[in-house]
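This is what each chain is made of:
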Amino acid sequence: MDKRKLGYGLRQVAAYGALVTLGLLSIGCSKKATPATTNETPTMTVWQSDFTLDSVEQAIDELDAKTVVIKQRQLKPDIFESRSVDAIAGDEAPDVWIIPDDWLEDHRNKLVSIPDNFIQPDKKKPEAPKNIHEYFQQNYASFVNDRLLTNDGALGFPGPVKPLVLFVNKDLLSQTFDRWRKEHPNSSIEERSAISKLLSAPITTWNDLVTIVKLITLRDGTNIQVSGIGLGTANNVPNLTEIFALLDYQQGNDFIDIAKQVALFNGFITQSDGIIRYPGRDALSFITQFADPTKDTYTWNATMPNAREAFLAGKVALILDYPDFAGVIKQQKKRVQYEQYPVPQLLTESNPVNVVRYYIVAPTKASADYSKAITVANGLVSANNIGQLARGINGSYTPYKARLSQDKDVTRLFTGARFVYKKHHAEFDTIMSRMIDDVSVRGQAVDVVVNQAANDITALLQRND
């Protein structure tokens, strides 16, 4: 293959006069130089778990590296974190690590900080960024900058981003309308039209979602035959931390304080009319109502299969998930007819708020040459190359602001985007899951459970191991 300098692929940076090449970069942070006596071309490794092999391979090929050989390694999700941590501790690999953003706080001590002067000023272009801070602020949204920027640089480069979305089984909604018409033979044209519109249009508010869930659900006593939504319990529903945070954020509350030391979701907010509200309690009550047999919204319980499996089997009509679930749907022999909508909001006129996750492409301290590792990481997510990576995660998007604002539907997915800050991420999610089941399975009081979970999260945030 005809190879050019790696930096030639960093077109976004080069456009601002900050061209960085693998052979020429020198920022004073190399751990050790390749011995001058060897003729062997050094190898750099990129470790990842979630991306398709061909997408990462294409992204690497686009770098056209001349002075190094770049190889990827894909590990299974259940061993990716532990194997990576062991390899980095052993000073072996990877040079570049592609990880979910909520792992960052647990592993920042394993990453090489990207110095502010990685981007250099361009005297011919005064509008060009003068350092890494300005580069991030010009190119990325706040949900990236708030997480990755430090006082003196950045902890990594943002990779593909994915928003929380609502998956809808179209066949179940169509069957619901047919069943409703049979059950209401004397309904007026206006009534039929209203039900038809409700079941066929995008679900824009949580009130609409609750109404639809009631229409869809088929029960024989407490036995659920068809479920409206896979939500309400922890053992069989994915992304519960993010769903709870979404409902908290949409009510104008913060999940964690600005110092990242105290959980705030058990607190209260005072509205402009003086009314005091408790967003965390409201969020927990909303989620767990779907697993409460005493409520008319009862549609889910802990004996149900995993929500994703139930959706694929046509047993549940709605689930909140990330767009890469669409890739799983498309692989099934029996295809599910589905739509994918932005998450519902409190009100139709509300400013959209969503929760997003993204990948961090970061150089690690296991690399033999930090300078080259930083340049490889940057090249993988350059504006003209990141599309290759995004292709490897079904339904993901480039994190560049200019791309996210090109389509109104995409813009809506990322308007008001927030991330969930986690520390000791596995334990963090366990606490949030226990909070859900303490109410829906063990029958504890919502206010008591929310306070206990917030106290446990605060202790986790303040733990320094």
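Residue numbering note: each chain is counted from 1, following its sequence as written. Restriction of local features to residues with pLDDT of at least 70 applies here, the model being predicted, together with a cutoff of 80 or more for giving and counting side-chain atom pairs; totals for whole chains, interfaces and linings are based on all residues. Only heavy atoms go into the side-chain values, all of them from the structure, while hydrogens and water stay out.

**Concerning the layout of surface pockets**
- Taken as a whole, the largest pocket encloses approximately 1100 Å³ of empty space.
- Method remark: on a 1 Å grid restricted to protein atoms, a set of points is classed as a cavity if a 1.4 Å probe fits but cannot get out and as a pocket if it is open with protein on both sides within 12 Å along at least five of seven lines; lining residues have an atom within 4 Å of a point. Taken together, 37 residues make up the lining of the largest pocket; nearest its centre are Asp50, Lys162, Arg308, Asp324 and Arg357.
- Contributing elements (two or more residues each) for the lining of the largest pocket: helix H3 (77–89), strand S3 (96–100), helix H10 (240–250), helix H13 (325–330), strand S15 (354–363) and helix H18 (425–440).
- Partitioning the lining of the largest pocket into residue classes produces 15 nonpolar, ten polar and twelve charged. Grid points are joined across faces, edges and corners, and a volume is the space filled by probe spheres set on the points. The helix and strand labels rest on DSSP assignments: H or I over at least four residues marks a helix, E over at least two residues marks a strand, and numbering proceeds from the N terminus. Each residue receives one of three labels: charged for Asp, Glu, Lys and Arg, nonpolar for Ala, Val, Leu, Ile, Met, Phe, Trp, Tyr, Cys and Pro, and polar for the others, Gly being one of them.

**Some thoughts on the packing of H10 against helix H11 (residues 279–288)**
- Orientation is described by axes fitted as lines to C-alpha atoms, over the contacting stretch for helices, and by angles from 0 to 180 degrees between their N-to-C directions. Remark: H10 packs on H11, axes separated minimally by 8 Å, with the N-to-C direction vectors making an angle of 125 degrees. For the element pair H10 / H11, the angle class is oblique. Considering how the two elements wind past one another, H10 and H11 form a crossing that is right-handed. Residues Leu240, Ile243, Phe244, Leu247 and Asp248 of H10 form the contact with H11, whose participating residues are Pro279, Gly280, Ala283, Leu284, Phe286 and Ile287.
- Residues that form the contact of H10 with H11 fall into these classes: nine nonpolar, one polar and one charged. Relative orientations are named as follows: roughly parallel for angles under 35 degrees, roughly antiparallel for angles over 145 degrees, roughly perpendicular for angles from 65 to 115 degrees, and oblique for any other angle. Each crossing gets its hand from how the near helix is turned against the far one by less than a right angle, where anticlockwise is left-handed and clockwise is right-handed. Note on contacts: a residue pair is in contact if any heavy atoms of the two residues lie within 4.5 Å.

**Let's talk about the confidence of the model for the protein chain**
- Summarising the model, the protein chain shows a mean pLDDT of 91, and 92% of its residues fall at 70 or more.
- Each residue carries a pLDDT score, the predictor's confidence in it, ranging from 0 to 100. The model gives residues 1–30 a pLDDT under 50, and that stretch makes 74 contacts with residues more than four places away or in other chains.
- For the stretch residues 32–37, pLDDT sits under 50, and the model shows three contacts to residues farther than four places along the chain or on other chains.

**Some words on the side chain of Arg147**
- Among the structural elements, Arg147 can be located in helix H6 (residues 142–148).
- A distance of 2.5 Å separates a polar atom in the side chain of Arg147 from the backbone oxygen of Asp101.
- By the criterion applied in these results, polar contacts are pairs of N or O atoms within 3.5 Å in which, for protein atoms, one can donate a hydrogen and the other can accept it, and in which residues neighboring in sequence qualify only through two side-chain atoms. From its side chain, Arg147 meets the backbone oxygen of Val420 in a polar contact 3.2 Å long.

**A few points about the pairing of strand S2 (residues 69–74)**
- A pair of strands counts as paired when DSSP detects no fewer than two bridges linking them. Alignment of strand S1 (residues 43–48) against S2, held across six bridges, turns out to be parallel. The residue of S2 that forms the bridge with Met44 is Ile70.
- In this region the chain leaves S1, passes through helix H2 (residues 53–63) and returns to the parallel neighbour S2; the handedness of that crossover is right-handed. By the criterion used throughout, a crossover qualifies as right-handed when its path from the first strand across the helix to the second strand runs clockwise, the strands pointing away from the viewer.

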